[in-house]
Amino acid sequence: MIDLIKSGGPLMIPLGLCAVLATFIILERFIYFSSVSRKDRFFLDRLLSLIHSCRFDEALSWCTDVATPASQVASQAIALRHLPESDLKELVAAELDRQVPRLDKFITALGTIANVATLLGLLGTVTGTIQAFGVLGAGQSMGNPAALAGSIAEALVTTATGLCISIPAVICHNHFVATVNRRIAAMESIATAVVIQVCGRNLVGKNL
């Protein structure tokens, strides 16, 4: 395996770096999204129950305990519940926009790594082919077939390595993008439910 990696030439160094970074991002995002999904599963039902009972301090504490982007948006709505409904909706929307980068973290970088790995593999193909033609042009193929085989190996190994990195990176990138879109939709749904509940409770208080 080590000899195979060495046969890929100097381009295996940036390809190895791409592999390490892609692995880190994929693992970190999988763990993060799994945690967010688990925490948000029962978040809204308990939150609305607390708001309906006017236990706003407990509701804020529950949001703090959950500590997900959705809970932060809900916390903003509860904390600013005394504002007019139009202002409350604008501030909640602004908070939602501020939470989106927590979901998008590293995902753009993962897409970039997938593209760069493919291009590095292609570059290895080109440089290896150039070296192979250089060996043939110098008439060394008959006297030193190892030189020709080394050039061809560099082209093939770098190409295969680049594809092995980029294919799972692209798949995971697309999966994470879809996950982010689902989480944003869930945040919007939670924010709407909380705002409606809070505004409804405010209206009841005013009628009283």
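Read on for an overview of the structure. The residue numbers shown here count from 1 along each chain, following its written sequence. Where totals are concerned, whole chains, interfaces and linings use all residues; where local detail is concerned, this predicted model gives features only for residues with pLDDT of at least 70, and gives and counts side-chain atom pairs only at 80 or more. Based on all heavy atoms of the structure, the side-chain values leave hydrogens and waters out of the count.

## Section: the packing of aromatic side chains
We call Phe, Tyr and Trp rings a pair once their centres come within 6.5 Å, taking the six-membered ring for Trp, and we label the pair stacked below 30 degrees between planes, edge-to-face above 60, and tilted otherwise. Applying the stated criterion to the full structure yields 5 aromatic pairs. Ring geometry for Phe 30 and Phe 176: centres 5.0 Å apart, planes at 65°, overall edge-to-face. With a gap of 146 residues between them, Phe 30 in helix H2 (residues 12-40) and Phe 176 in helix H8 (residues 145-207) connect regions that are remote in the sequence. When the centroid spacing of 5.9 Å and the interplanar angle of 35° are considered together, the rings of Phe 33 and Phe 176 count as tilted. With Phe 33 in helix H2 and Phe 176 in helix H8, this residue pair connects regions lying 143 residues apart in the sequence. An aromatic cluster of three or more residues is present, and its members are Phe 30, Tyr 32, Phe 33 and Phe 176. A positively charged side chain is recorded as over a ring if its NZ (Lys) or CZ (Arg) lies within 6 Å of the ring centre. The angle to the ring normal must also be within 35 degrees. Above the plane of the ring of Trp 62 lies Arg 46, whose end atom (NZ or CZ) is 5.0 Å from the centre. Where helices and strands are cited, they refer to DSSP runs of H or I of at least four residues and of E of at least two residues respectively, numbered from the N terminus.

## Focus: the nonpolar core
Membership of the largest hydrophobic core comes to 49 residues, with the highest contact counts inside it found for Leu 47, Ile 51, Ile 78, Leu 110, Met 187 and Val 194. Looking at this core, the elements with two or more residues in it are H2, helix H3 (43-52), helix H4 (56-66), helix H5 (69-79), helix H6 (85-104), helix H7 (107-137) and H8. Among the elements that make up this core, the one with the highest residue count is H8 (14 residues). As used in this record, nonpolar core signifies buried Ala, Val, Leu, Ile, Met, Phe, Trp, Tyr and Cys residues forming a set joined through side-chain atoms within 4.5 Å. For every residue, the accessible area obtained with a 1.4 Å probe (protein chains only) is divided by the maximum for its type, and the residue is called buried under 20%, exposed over 50%, and partly exposed between those limits.

## So, a nonpolar patch on the surface
The patch calculation keeps residues exceeding 30% relative accessible area without a salt bridge and links them within 9 Å when they carry like charges or within 5 Å when they are nonpolar (Val, Leu, Ile, Met, Phe, Trp, Tyr). Surface accessibility follows the Shrake-Rupley procedure with a 1.4 Å probe radius. Residue values consider only the protein chains on display as shielding. Each reported salt bridge corresponds to a side-chain nitrogen of Lys or Arg within 4 Å of a carboxyl oxygen of Asp or Glu. Taken together, the side chains of Leu 119, Leu 122, Val 126 and Ile 130 define a hydrophobic patch exposed on the protein surface, amounting to about 390 Å² of accessible area. As for its placement among the helices and strands, Leu 119 is situated in helix H7. On the basis of relative accessible area, Leu 119 is assigned to the exposed category, the value being 54%.

## Some remarks on a positive patch on the surface
Positive charge collects at one region of the surface, where Arg 38, Lys 39, Arg 41 and Arg 102 lie side by side. Along the polypeptide, Arg 41 turns up in the loop between H2 and H3. Charge assignment in this entry is limited to Lys and Arg as positive and Asp and Glu as negative, and neither His nor the chain termini are counted. A charged residue contributes its charge at one atom only: NZ of Lys, CZ of Arg, CG of Asp or CD of Glu.

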